[in-house]
Amino acid sequence: MTGSSGETTLAGSFGGEPDPRERPSAVGPGSVVGRLVVLHKLGSGGMGVVYAAYDPELDRKVALKLLLPGSGGETGRARLVREAQALARLSHPNVVGIHDVGTVGGQVWLAMEFVEGRTLGQWLRTPRGWREVLEVMRKAGEGLAAAHAAGLLHRDFKPDNVMVGDDGRVRVMDFGLARMEASAVSGGPTSAGRPTPDPQVEPPNGVTRVGAVVGTPGYMAPEQFGGDPVTAAADQFAFCITLWEALYGERPFGGSSSMEVAASVLEGKVRPPANPRAAPPWLRRACERGLLVDPTRRWPAMSALLDTLAKGRSRAAARKGVAALGVVALIGVGVEGHHRWDRAQRVASCEATGHEVDAAWNEEREHALRAALVATGVSYAPTTANKVTPWLDRRAEAWREARVEACLELDVRGQWDATTHERALWCLEERRMELESLVDELMQADADVVQRAVTAAAGLTSVTMCGDAKTLEIPIPPAADREPLRTVSRALVRAGSLQRAGRYAKGLEVAREALARAEALGWPPLIASARARVGSLEQRSGNFAAAEVELERAYFEAARGVAPSVSFDAALALVYVVGVSAARFDEGRRWARLADVALDEVPDGERLREAGLTLDLSNINQKSGDYEEAQRLSEEALAIWQEALGADHPTVAYALNNLASILSSRGERQAAKLLYGQALAIWEEALGPEHPDVAMTLNNLAALHETLGDYDVARRHYERALAILEPALGPEHPNVAYSLNNLGIVYKETGEYEEAKRVLDRAVAIRERALGPKHPSLGISLYNLANVYAATGDHAEAKRLLERSIAIWEEALGPNHPHLAAGLIRLAAVHHESGDPEQAKRLYERALAIDEARDPESPELAEPLLGLAKVALAQQRASDALALAERAVSLQEKGGVAGAPLAKARFALARALWAAPAEAGGDRTRAVALAEQSRELAEAAAWLATHAPQ
């Protein structure tokens, strides 16, 4: 019979049987062992029986294990008690705790922590990403390392001896207990620490030794098969087998029987994983070292392996180990040894290439960067320094891994030819320059750079593409032309770093100069890349028309097959510039189709480019009113980023924000609130609680509460955001104006008009000084200030401010932008309220034409339609009002609009139905019913008091 892992367990001297006189005595519910009261049996195995028990002194449930003493007699029992007592003194969160130990009737008993959860084997039945696997295995490794430090070995580490608790904690079970001679060792515990029985098995031929052999064949080290002295290196070997199996879905040593597995282990025949892309190459190599036949050539200790898993790898130690391996092999085995020595030398040489990144990122540059950030005096700069360096560490380590892999593919594995290797190095050099250049820019930090430092580091281009087959098919320039081209590439890399750091004006200057030099050199991929960078910086600078021109040229220059990634990136940027910023939805979708075609030729192993395209399409659908499709696409992009980048990446927070905004638009505001909260938690952890990006998420969360009518909560969030932004960015920063603008809206909604005017006046002044008199953001503040004046009855000032905001938007965004429609609608309302219905009608009609041109079925058309219905009623045109209001209600109901907006539309329709004659569709019964559905509105309730039947 086998345990839940399907593995038998070797225990005791081969062929030995426990003394039948030392079998456990009968124990059942109600029995007392020591001070423990047995509750019920949980399971049994070759090592003994496990019961659930109750400890009355400490009032807790425990797992009671009665152990077979084996053939060691009193000496064996005494040693086992000593070992159990030593383990009981080991208090570690990743080790199942032993509360007490004793003997009864010739048996040793253990009172252990009662764990509810799943074994690692059971946990792995659900597909897991390598990051999730690594996190769990590192915790299990910490438990092993702690035991080793206390002088204890495990000797039977495997998935069924690791518990993943329901509390999220990972615990290793049965430390040190496999020492018992001539007795079987339990198989895997279940959710409450239950063992499953594993029989003894005969040893494979040729490995019989005198003494104890303990373990499970699929996880045993060579020295265990041979009966040699066992050290902590055996536990490390089993750990690496388990990690390999968890990552790749199969163990590294093949064989259809225990004998074949043992032969593979003893010969060191590690088979390549069926799915090598399931984990990064550095992780595979870390396992491979832990699986070496000679225990002295494995990792020096579990702690060294864990450090490698946490930080990448200790390359110096790895090279030393490989070199030592080569020397020993050369001395020992002649020609075969020479082959191994030669291979080891080539591996060591490849390992050394990873240090090429050290000039870009090293301890000295880290200290200099930290000092530069702190020297800005920005309040959150020390936190940013602590947050940015791990991202740069990861980028540097990823580059090292990719560089070593490229060398191994050429010089050791022989999978690449020289041309392929050169193309990989061309790509890697650009990634290295990006890292170095960004660090250079961050060391020139000012307040804006500090704000963008973490997201800039987290957003560096992945090196994964440099090993992708599609990248390796792209031609690179002839060797004689490379140096002048590389000089221009360095300039473009710097322009990109300036963009990431938020220095758009300087970046644009550098990019334009690089474009001119690229055109002079005549290398098409570089020309397209330079033009795309210019276009991207024009976009970031707010020059959308210029950006569109440059990006379109870049797309067509790159689309001739000379630069597929540039073709995709340019098309993707145009999706946003045209489809989102300019609200030309159909054109944006067309660019999305072109980007999707380009994506077929672009390396995108982690699907990050696909996620970016998906999210931009989501933004177009959100702006055009198709919230259902927008949500679907946003959820798809979020899932890709979470899988590729991890749940705590800043990009994931951005995606959560986006999805929350869509859900809010659909009326699912409680769900949106949860997502904003998740995004806020990620930002606070990634950037620190005083970072301006945290404030921007607080603004989003506040805006949601504002729509829910929770004005007090909204105000608190806005005020906290403002308290972060002012000291962080200074009182004149545009983002301070953003927060003031939102706070002013809340003051207006709560009737605090003077406070609203004060903060909105300040927002207008900041934006005009910082952004200029024609910036669209200034138009937003003017619009909101106009609403305050309109609410106080100052129609003349409201008109003046609205006319100015409309003029700004029309010039900056064009005559068909949604902002312009919003301004026209508000200006129309002011004209209507001040007694000019004809002008109001003209303005509403213009706004309706703008909105209809974008999407004739959008629920957003309801606002100008209802405005026109209101004017029609005032002009005694009840039939016109009825048709307009009917359409508005229909669009909102089809679009899933709910709450106050739908109530207002229904009440407008009710009034039209009441006023219209029967022959024109009037229906007073229906009018009352619709008004009843809108009773939440004070005006509807008042209307019903005089119009509903009594």
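The structure displayed is predicted, hence computed values, not measured ones.

1. A closer look at the overall build of the protein
Link 1 in the chain: When helices and strands are counted, the protein shows 36 helices and nine strands.
Link 2 in the chain: For the protein, the proportion of its 950 residues judged to be buried stands at 54%.
Link 3 in the chain: Partitioning the intrachain contacts of the protein with sequence separation of at least 6 by distance along the chain shows that 64% fall at a separation of at least 24.
Link 4 in the chain: A total of about 38,900 Å² of accessible surface is found on the protein, and carbon and sulfur atoms cover 51% of it.

2. Things to note about the state of the cysteines
Link 1 in the chain: Evaluation of the coordinates by the stated rule reveals two disulfides.
Link 2 in the chain: Note that Cys350 is cross-linked by a disulfide to Cys407, the S-S spacing being 2.1 Å. Between Cys350 and Cys407 the sulfur-sulfur dihedral comes to about -70°; the bridge is accordingly left-handed. Note that Cys350 is positioned in helix H9 (residues 315–353) and Cys407 in helix H11 (residues 381–411), a separation of 57 residues in sequence.
Link 3 in the chain: Here Cys407 falls in the buried class, since its relative accessible area comes to 5%.
Link 4 in the chain: What pairs with Cys427 in a disulfide is Cys466, and their sulfur atoms sit 2.0 Å apart. Every disulfide takes its handedness from the sign of the S-S torsion; for Cys427 and Cys466 that torsion is -70°, giving left-handed. You can see Cys427 sitting in helix H12 (residues 418–442) and its partner Cys466 sitting in the loop between helix H13 (447–458) and helix H14 (482–500), a full 39 residues away along the chain. Just as Cys427 is buried, Cys466 falls in that class too.
Link 5 in the chain: Cysteines bonded in the protein are numbered consecutively along the chain; their disulfide partners then correspond to 1-2, 3-4.
Link 6 in the chain: With no disulfide of its own, Cys240 lies closest to Cys287 among cysteine sulfurs, the gap being 5.1 Å.

3. Let's talk about the side chain of Lys757
Link 1 in the chain: For Lys757, the location among the structural elements is in helix H27 (residues 753–771).
Link 2 in the chain: Lys757 sits in the buried class, given a relative accessible area of 14%.
Link 3 in the chain: Leave out the neighbours within four places in its chain, and Lys757 touches Leu785, Val788, Tyr789 and Thr792.

4. Structural notes on the sheet that holds strand S7 (residues 117–119)
Link 1 in the chain: Taken together, the three strands give an open sheet; going across it, the order is S7-S8-S9, and neighbouring strands pair in antiparallel fashion. In the strand order of this sheet, the two ends are held by S7 and strand S9 (170–172), each with one partner. Pairs of neighbouring strands in the sheet enclose a mean axial angle of 25°, with direction left out of account.
Link 2 in the chain: Relative to S9, strand S8 (residues 162–165) runs antiparallel, the two being bridged by three bridges. The partner of Val164 across the bridge, within S9, is Val170.

5. Some points on a negative patch on the surface
Link 1 in the chain: A surface patch of negative charge is lined by Glu473, Asp596, Asp600 and Glu601.
Link 2 in the chain: Within the secondary structure layout, Asp596 lies in helix H19 (residues 585–599).

6. Observations concerning the nonpolar core
Link 1 in the chain: Within the largest apolar cluster, 150 residues are counted, with the highest numbers of intra-cluster contacts made by Val388, Leu392, Leu435 and Tyr844.
Link 2 in the chain: Excluding residues that lie within four positions of it along the chain, Leu435 makes contacts with Val357, Ala360, Trp361, Leu392, Arg395, Ala396 and Leu460.

7. Regarding the packing of aromatic side chains
Link 1 in the chain: Enumeration according to the criterion identifies nine aromatic pairs in this entry.
Link 2 in the chain: Consider the rings of Phe157 and Phe239, whose centres lie 5.8 Å apart with planes at 40°: the pair is tilted. Remark: Phe239 occurs in helix H5 (residues 232–248) and Phe157 occurs in the loop between helix H3 (130–149) and S8; sequence separation between them is 82 residues.
Link 3 in the chain: On the accessibility criterion, Phe239 (0% relative accessible area) is buried.
Link 4 in the chain: Taking the centre distance of 5.3 Å and the plane angle of 85° together, the rings of Trp914 and Trp943 count as edge-to-face. Within this pair, whereas Trp914 is found in helix H34 (residues 899–915), its partner Trp943 is found in helix H36 (residues 938–947), the two being separated by 29 residues in sequence. Accessibility classification places Trp914 together with Trp943 in one group, the buried group.
Link 5 in the chain: Three or more aromatic residues link up through ring pairs in this structure, and these residues are Tyr555, Phe556 and Trp591.
Link 6 in the chain: A cation over a ring is seen here: Arg289 above Trp299, with NZ or CZ 4.4 Å from the ring centre.

8. Quick look at helix H17 (residues 544–558)
Link 1 in the chain: Helix length check: H17 (15 residues) gives 21 Å between terminal C-alpha atoms against 21 Å at 1.5 Å per residue, within 8%.
Link 2 in the chain: Taken together, the buried positions of H17 are occupied by Ala547, Glu548, Glu550, Leu551, Ala554, Tyr555, Glu557 and Ala558.

9. Considering H36
Since there are 3.6 residues in each turn of an α-helix, residues three or four apart along the chain are aligned in direction.
Link 1 in the chain: If you check which residues of H36 are buried, you get Ala940, Trp943 and Leu944. Burial along H36 is one-sided: seen end-on, the buried residues are contained in an arc of 100°. Among the exposed residues of H36, those oriented more than 90 degrees off its buried face are Ala938, Ala945 and Thr946.
Link 2 in the chain: Structurally, H36 contributes buried residues whose contacts are with H34 and helix H35 (924–933).

10. Quick notes on unusual backbone geometry
Outside of glycine, negative phi angles account for most residues, and trans bonds account for most peptide bonds.
Link 1 in the chain: One non-glycine residue, Arg155, adopts positive backbone phi at about 75°.
Link 2 in the chain: On the secondary structure map, Arg155 appears in the loop between H3 and S8.
Link 3 in the chain: The exposure class of Arg155 is buried, given its relative accessible area of 18%.
Link 4 in the chain: In this model, Gln876 sits at a positive phi of 65°, which is unusual for a non-glycine residue.
Link 5 in the chain: Mapped onto the elements, Gln876 comes out in the loop between helix H32 (862–874) and helix H33 (878–894).
Link 6 in the chain: For Gln876, a relative accessible area of 69% puts it in the exposed group.

The rules behind each value
Residues numbered from 1 in each chain as written. Predicted model: local features only at pLDDT ≥ 70, side-chain atom pairs only at ≥ 80, totals over all residues. Heavy atoms only, no water. Helix = DSSP H or I, 4+ residues; strand = E, 2+ residues; numbered from the N terminus. Buried < 20%, exposed > 50% of the residue type's maximum accessible area, 1.4 Å probe, protein only. Contact = heavy atoms within 4.5 Å. Areas by Shrake-Rupley, 256 points an atom, 1.4 Å probe, with all protein chains shown as cover. Disulfide = S-S within 2.5 Å. Pairing = 2+ DSSP bridges. Axes fitted to C-alpha atoms, helices over the stretch in contact; angles between N-to-C directions. Patch = residues over 30% accessible without salt bridge, like charges linked within 9 Å, V, L, I, M, F, W, Y side chains within 5 Å. Salt bridge = Lys/Arg side-chain N within 4 Å of Asp/Glu carboxyl O. Lys, Arg positive; Asp, Glu negative; His and termini not counted. Charge placed at Lys NZ, Arg CZ, Asp CG, Glu CD. Core = buried A, V, L, I, M, F, W, Y, C linked by side-chain atoms within 4.5 Å. Phe/Tyr/Trp six-rings, centres within 6.5 Å; stacked < 30°, edge-to-face > 60°. Lys NZ or Arg CZ within 6 Å of the ring centre and 35° of its normal. Expected span 1.5 Å × (residues − 1). Arc of directions from axis to C-beta.

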